[in-house]
Amino acid sequence: MLAVALAVLAGASCLTACASDPAPTDVAVAWAPKGRPAIAVTWKDTGQPNRITIEGVLSESPSYVKYVPAGDPNRWEIPTSEFPPDGNYKIVVATGTSQGGVTSKPSKSPVFDTDGPVRPSGATVAQQGRGVMIRWSVPVAPQDFTPNDPLDVKGKKTQRYVPMVGRPGQLLKAIGPATTANHQLIKSIKPPYVFQLAAQNEWGTRAGGDVFGLTSSISGTVPPKAQYGVAIRARGRVILHQVSCDLESPCITRRATPAGVPVVVLTQVTPGARWTPAARGATTAGGYYDIAVPTSGSRPYKITVPVTAKGGSFTGTSTSRPAYTKTVVRIASAGFAGGDTAKAKGSTVTVSVAVQPAMNTTVMLQAWNRQTRRWMPAKALAMRNGKAALAFKAGQAGDFVYRIVVPGGMMFGRPMDGIVTPQLQLHIR
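- An unreviewed UniProt entry annotates the protein as Fibronectin type-III domain-containing protein originating from Kribbella karoonensis.

As structure tokens, then:
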């Protein structure tokens with residue numbers, strides 16, 4: 001019991017001795033001059049050595065300790081990098097040395113926060129001349145739990161934005177001075193690139209507001225032949241190339257094959273004419289597309305990714321190689337009147353054909369010769385507005401096979417292939 005009492009008495013006397021020196025007074029904080037990213041701490045005392053630390057207020061205290069020798073000015077600058085972001089802190093000044101420890105009660109500055117800039121969001125891009133106009137928005141700043149603290153920077157627009165651009169093989173670099181505006185015009189810029197904003201305030205920098213300038217490559221095929229008026233399918237794949245950047249290494253290019261990329265099929269209606277849209281579509285998963293294209297005359301086609309600005313991305317154009325599709329005359333109908341393929345001897349038989357396009361030409365009715373096993377010409381028929389017909393008497397009983405040969409022609413200055421009807425079976429009884 002005596003030993004315990006002596007130990008308690010000794011501890012009490014040590015505490016009294018450790019706090020025997022007068023405590024510093026009037027601890028204050030302010031921004032260091034000349035734009036340095038540091039906090040200037042000042043205090044008053046009688047020329048004693050001092051110990052400076054940072055104390056968290058509902059935040060973890062950083063491990064910062066600085067000893068100021070006796071006789072030095074009662075002032076010290078702490079770099080802002082020593083403060084964790086988005087916290088509340090006090091500066092604590094006491095009398096003491098690294099060898100003798102603290103010998104006074106601590107004195108503390110007013111509480112201040114280290115709230116960093118609010119990250120930009122919602123960036124959009126639109127083409128403007130040869131460049132792009134980028135606009136961004138910034139969410140409402142979180143609640144300030146230390147309003148009007150000594151380090152608050154006054155003014156509505158204390159946050160600034162530095163526009164930065166990264167290209168493949170290069171580091172992200174600033175392309176203009178810091179601004180308080182919410183838009184940036186970049187003249188004469190071509191993909192691929194990534195645009196990013198470095199939002200800055202007195203406590204640090206945060207990146208956001210990304211816009212991607214993408215390049216594209218497209219492959220495409222169309223059928224070499226098509227029946228007039230029957231849609232063909234343009235098929236292929238679109239690959240996008242996106243720039244990705246880290247802070248301390250050159251930017252790289254990554255491939256992407258998203259759905260929803262617009263695709264336009266272009267055609268040249270007549271030789272030498274300008275290319276005009278024939279069909280539109282978009283990619284599906286994996287970057288693939290399959291677009292129905294209406295047909296008329298023979299013509300070339302090429303598939304393109306148009307320049308597209310959507311949300312935070314700007315996609316440059318690319319075009320496949322032109323491919324030629326030759327049109328074939330289409331049989332709309334062919335056969336015997338009434339659909340009756342069995343007739344009595346001596347009755348009248350009418351055979352007809354209708355085609356698209358509605359052309360004016362001469363077609364040939366042919367009959368199959370079983371002895372020579374060849375198609376033999378039977379009658380040349382005038383076709384008007386895509387229709388031709390022939391009425392004749394069934395003079396002999398038996399089974400007969402006919403067909404009608406429709407020649408090719410010219411349409412919009414390009415050749416069009418002809419066609420032959422299916423075999424037309426006729427029984428005469």
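## Observations regarding the overall build of the protein
(1) Moving on: Tallying secondary structure elements over the protein gives 1 helix and 38 strands in all.
(2) Moving on: For 429 residues, the compact-globule estimate of 2.2 N^0.38 gives 22 Å, and the protein exceeds it by more than 25% at 43 Å.
(3) Moving on: Overall, the C-alpha framework of the protein stretches about 145 × 60 × 35 Å when taken along its three principal axes.
(4) Moving on: Across the protein, the fraction of contacts at a sequence separation of at least 24, relative to all contacts at a separation of at least 6, is 62%.
(5) Moving on: If you sum the accessible surface of the protein, you get close to 23100 Å²; carbon and sulfur atoms cover 55% of it.
(6) Moving on: Of the side-chain charges in the protein, 47 are positive and 22 negative, and the distance between the mean point of each set is 31 Å.

## Regarding the sheet that holds strand β30 (residues 348-356)
(1) Moving on: Taken in spatial order, the 3 strands make up an open sheet running β28-β30-β33, and their pairing is antiparallel. Each edge of the sheet is formed by a strand with only one pairing partner; in this case those strands are β28 (330-336) and β33 (387-393). Looking at each pair of strands side by side, their axes are set apart by 10 degrees on average, direction ignored.
(2) Moving on: Relative to β30, β28 is paired through 6 bridges, and the arrangement is antiparallel. Counterpart to R330 in the pairing with β30 is Q356.

## Looking at the environment of E248
(1) Moving on: With respect to the helices and strands, E248 occurs in the loop between β18 (232-244) and β19 (252-256).
(2) Moving on: Among the residues examined, E248 registers a relative accessible area of 78% and is labelled exposed.
(3) Moving on: C-alpha separation for the pair E248 and K157, spaced 91 residues apart in sequence, amounts to 29 Å.

## What about the nonpolar core?
(1) Moving on: In this structure, F336, V351, V355, V363, L365 and M383 are the most contacted members of the largest nonpolar core, which totals 23 residues.
(2) Moving on: For this core, the leading source of residues is β30, giving 4 residues.
(3) Moving on: Setting aside residues no more than four positions away along its own chain, V351 makes contact with G335, F336, L365, A388, A389, L390, F392, I404 and L424.
(4) Moving on: By size, the runner-up hydrophobic cluster in this structure holds 18 residues, among which are A226, V238, A279 and I291.

## Here we look at the pattern of salt bridges
(1) Moving on: Under the criterion given, the structure shown has 8 salt bridges.
(2) Moving on: Its salt-bridge partner being D417, residue K225 comes within 2.9 Å of it at the nearest N-O pair. Of this pair, K225 sits in strand β17 (residues 225-227) while D417 is found in the loop between β36 (414-416) and β37 (419-420), placing the two residues 192 residues apart along the sequence.
(3) Moving on: When its relative accessible area of 18% is taken as the criterion, D417 is described as buried.

Parameters at a glance
Every chain is numbered on its own, with residues counted from 1 as its sequence reads. Local features are withheld for residues below a pLDDT of 70 in this predicted model, meaning they are given only at 70 or higher, and side-chain atom pairs are given and counted only at 80 or more; totals for whole chains, interfaces and linings count all residues. With hydrogens and water stripped out, all remaining heavy atoms of the structure feed into the side-chain values. The helix count covers DSSP runs of H or I at least four residues long, the strand count covers runs of E at least two residues long, and both are numbered beginning at the N terminus. Only C-alpha atoms enter the radius of gyration; for comparison, a globular chain is expected to reach 2.2 Å times N to the power 0.38, where N is the number of residues. Contacts were defined at the residue level, with two residues in contact if any of their heavy atoms lie within 4.5 Å. Each accessible area value is a Shrake-Rupley result obtained with a 1.4 Å probe; residue values ignore everything except the protein chains displayed when judging cover. For the purpose of charge, His is not counted, nor are the chain termini; Lys and Arg are scored as positive and Asp and Glu as negative. Charge positions are represented by NZ for Lys, CZ for Arg, CG for Asp and CD for Glu. Any two strands are treated as partners once DSSP identifies two or more bridges connecting them. Angles run from 0 to 180 degrees between N-to-C directions of axes, and those axes are lines fitted to C-alpha atoms, restricted for helices to the stretch in contact. Partly exposed residues are those whose accessible area sits between 20% and 50% of the maximum for their type, while under 20% is buried and over 50% is exposed, using a 1.4 Å probe and protein chains only. For this analysis, a nonpolar core means a set of buried residues of the types Ala, Val, Leu, Ile, Met, Phe, Trp, Tyr and Cys, connected via side-chain atoms within 4.5 Å. By convention in these notes, a salt bridge is any Lys or Arg side-chain nitrogen within 4 Å of a carboxyl oxygen on Asp or Glu.

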